[in-house]
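# Structural description and commentary
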Amino acid sequence: TAEPSRRRSRRRVVNRRAPPGGLRVVLSWGERPYDMDIWVVHASVPLPNFNSAVFWGQPNQDSSIDSSMDGIALDRDQTKSYGPESITFQASSQPLLYRVAVNVYSDRLDDAQCDPRREGSCRFMSGEAVELYDGNGLLANSIHRRAIGSWWVVG
């Protein structure tokens, strides 16, 4: 028999394979923190910023802000534990270097955003995973191994 404390995963289904010629980046995590966000920015940008990024606040980058982000879109923003969240690069996206980052947005049931001035208000719990897929399947993955911080620059 299964241990009483053991819970089944609540992972939601997402099509992990990318469209032909494209790439898909998938973020998944455990029950906590409750809300995490995946970001894609230019590799030349040291940390994610609002002007040249695809994330929950700009799910489909407007070409008037930064046309080099055209063809990159957030597929889903999961706000209640486990993920997955995914961002897709269409074949039409520009062949530039991009950076993938993950942010702990909230670890409260009321979805209140983390307060970076309050130490320990939100942090990774360890085991969060980012996977990169093309049309054939998994290309690479990275797992966050430390239960610290609220930003993870995956690569």
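In this text the structure is predicted, and so the values were computed from the model without any measurement.

What follows concerns the packing of aromatic side chains. Under the criterion given, the structure shown has six aromatic pairs. Consider the rings of tryptophan 56 and tyrosine 105, whose centres lie 5.5 Å apart with planes at 75°: the pair is edge-to-face. Separated by 49 residues along the polypeptide, tryptophan 56 in the loop between strand S3 (53-54) and strand S4 (72-76) and tyrosine 105 in strand S6 (residues 98-106) bring together distant segments of the chain. Take tryptophan 56: its relative accessible area is 39%, and that puts it in the partly exposed class. Under the relative-accessibility criterion, tyrosine 105 is labelled buried at 16%. Judged by centre distance (6.1 Å) and plane angle (85°), the rings of phenylalanine 124 and tryptophan 152 are edge-to-face. Residue phenylalanine 124 is located in the loop between S6 and strand S7 (129-134), and its partner tryptophan 152 is located in strand S9 (residues 151-153); the two are separated by 28 residues in the primary sequence. Accessibility expressed as a relative area gives 0% for phenylalanine 124, which makes it buried. Aromatic rings pair up to connect Trp39, Phe55, Trp56, Tyr105 and Trp151 into one cluster.

The buried fraction of S7 amounts to five of the six residues, a majority that puts the element mostly inside the structure. Strand direction decides the pairing type here: S7 and strand S8 (residues 137-143), joined by six bridges, are antiparallel. Looking across to S8, one finds that valine 130 is bridged to serine 142. Count of turn residues in the S7/S8 antiparallel hairpin: two residues.

Put simply, arginine 32 and proline 33 share a cis peptide bond, and its omega is 0°. Along the polypeptide, proline 33 turns up in the loop between strand S1 (23-28) and strand S2 (35-42). The omega torsion across glycine 83 and proline 84 is 0°, close enough to zero to call that bond cis. Even without glycine at this site, serine 81 takes up a positive phi of about 70°. Topologically, serine 81 is positioned in the loop between S4 and strand S5 (85-89). Residue classification places serine 81 among the buried residues on the basis of a relative accessible area of 6%. Its identity is not glycine, yet tyrosine 82 carries a phi of approximately 70°, on the positive side.

Let us look at the nonpolar core. In this structure, Val40, Ile72 and Ile87 are the most contacted members of the largest nonpolar core, which totals 21 residues. Listing elements by their share of this core, those giving two or more residues are S1, S2, S4, S5 and S6. The leading source of residues in this core is S6, at four residues. The residues contacting isoleucine 87, other than those within four sequence positions of it, are Leu23, Arg24, Val25, Ile38, Trp39, Val40, Val54, Ile72, Ala73, Leu74 and Asp75. Trp39, Val41, Phe55 and Ala101 belong to the second largest nonpolar core, which has five residues in total.

Cut-off values and rules
Residues numbered from 1 in each chain as written. Predicted model: local features only at pLDDT ≥ 70, side-chain atom pairs only at ≥ 80, totals over all residues. Heavy atoms only, no water. Phe/Tyr/Trp six-rings, centres within 6.5 Å; stacked < 30°, edge-to-face > 60°. Helix = DSSP H or I, 4+ residues; strand = E, 2+ residues; numbered from the N terminus. Buried < 20%, exposed > 50% of the residue type's maximum accessible area, 1.4 Å probe, protein only. Pairing = 2+ DSSP bridges. Core = buried A, V, L, I, M, F, W, Y, C linked by side-chain atoms within 4.5 Å. Contact = heavy atoms within 4.5 Å.

Everything listed here is a matter of coordinates, which is why it stays silent on function.
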